[in-house]
Amino acid sequence: MKKTMTQRLLCLVLSALLLGAPSLAWAQEEGQERGINIFEYFEGSDLDLSPYKGKALFLNFFTEWCGYCMDEMPSIKQIFETYSQDELQIVLVHCWDGEDASTTERVKERFGMEDMTFFEDETMSVFGMVGLQGYPTSIFVGKDGMVDSVTYAASYEQMAEIIEGLGVGVQEVSEAPIPGATAPPPTVAPVPASKGGNP
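What you are looking at is a predicted structure, and each value in this text was computed from that prediction instead of being measured.

On to helix α4 (residues 101-111), then. All of the buried residues along α4 are T103, T104, V107, K108 and F111. The buried residues of α4 occupy an angular sector of 140 degrees when projected down its axis, which confines them to one face. In α4, the exposed residues that point more than 90 degrees away from the buried face are E109 and R110. Along its buried surface, α4 packs onto β1 (56-62), α3 (67-82), β2 (88-95) and β3 (117-121).

Here you go:
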C-alpha cells in the first residue's frame, strides 16, 4: 500500500524528533517536576484508563504502515513478558490513520500479541487529544497516574530503564506448566545395592 502525503510527512516529523525529541507540551512543560494526571486527562474520553489505576502505564501509539512502529513491537512484547502484569499495564493504541481493525489483527498475529491490550482509535480522537507529533510515540505513567516520560522509537533498553524507574518489578517465575510444553520425566531414586549377595 502506498503511503499518503500525510503519512510521508509524519515519517519526516518522526525523523526530526529522533534527532532531538521534545516532550509533548501537554505532558510535561519545561521546568515542571511532574506532568499531568493521565486518568484525569482522559476521563470522559473514548480511552478509559480507570481500570488501571494503581498500576504504571505504558501507552504506545502506532500504525502498521509506520516501519519504526513495527520495529518496536518485539521490544514491547518482551517488556510484557518480563515485567509484572500486576504492576504494569501496556495499552497499544492503534491510530486508524488510513487503517482499520483488521490491521490490529495482523499485528497481533505477526508478533504474538493476542494476550495484550489494544485500543482502536477509530475516529483519531485520542490522537488529537494527545497532539501526537509522529509515530511511534510512547507515554510512560507512574503508579500515581502522573506522566513520567515520552519517547519516540525507543529501544528495549530504554523502555526497561524507564519502567524500572517507575518501580515495576519483574514477573515471578510461574510454577504452572507452560501450555504445549513436554513434562520432564519423573525422577526415580536409585535402589541401593544389597550387601552380601541375594537374601
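The rest of the description comes next.
Below, the discussion takes up the packing of α3 against α4. Close contact between α3 and α4 brings their axes to 10 Å; oriented N to C, the two are set at 55 degrees. If you check the angle between α3 and α4, you find them oblique. In this structure, the crossing between α3 and α4 has a hand that is right-handed. Contact with α3, carried on its side by M70, M73, P74 and K77, involves V107, R110 and F111 of α4 and no other residues of that element. When its residues are assigned to classes, the contact of α3 with α4 shows 5 nonpolar, no polar and 2 charged.

Right, let's get into the sheet that holds strand β5 (residues 147-152). Read from one edge of the open sheet, 5 strands run β3-β2-β1-β4-β5, paired in mixed fashion. Only two strands of the sheet have a single neighbouring strand rather than two, namely β3 and β5. Taking the axes of each pair of neighbouring strands and ignoring which way they run, one obtains an average angle of 20 degrees across the sheet. Pairing geometry for β1 and β2, over 7 bridges, is parallel. Bridged to A56 within β2 is L88. Contacting β1, β2 and β4 (137-141), α3 runs over the sheet at an angle of about 160 degrees to β1.

Definitions and cut-offs
Residues numbered from 1 in each chain as written. Predicted model: local features only at pLDDT ≥ 70, side-chain atom pairs only at ≥ 80, totals over all residues. Heavy atoms only, no water. Buried < 20%, exposed > 50% of the residue type's maximum accessible area, 1.4 Å probe, protein only. Helix = DSSP H or I, 4+ residues; strand = E, 2+ residues; numbered from the N terminus. Arc of directions from axis to C-beta. Contact = heavy atoms within 4.5 Å. Axes fitted to C-alpha atoms, helices over the stretch in contact; angles between N-to-C directions. Parallel < 35°, antiparallel > 145°, perpendicular 65-115°, else oblique. Left-handed = near helix turned anticlockwise from the far one by under 90°. Nonpolar A, V, L, I, M, F, W, Y, C, P; charged D, E, K, R; others polar. Pairing = 2+ DSSP bridges.

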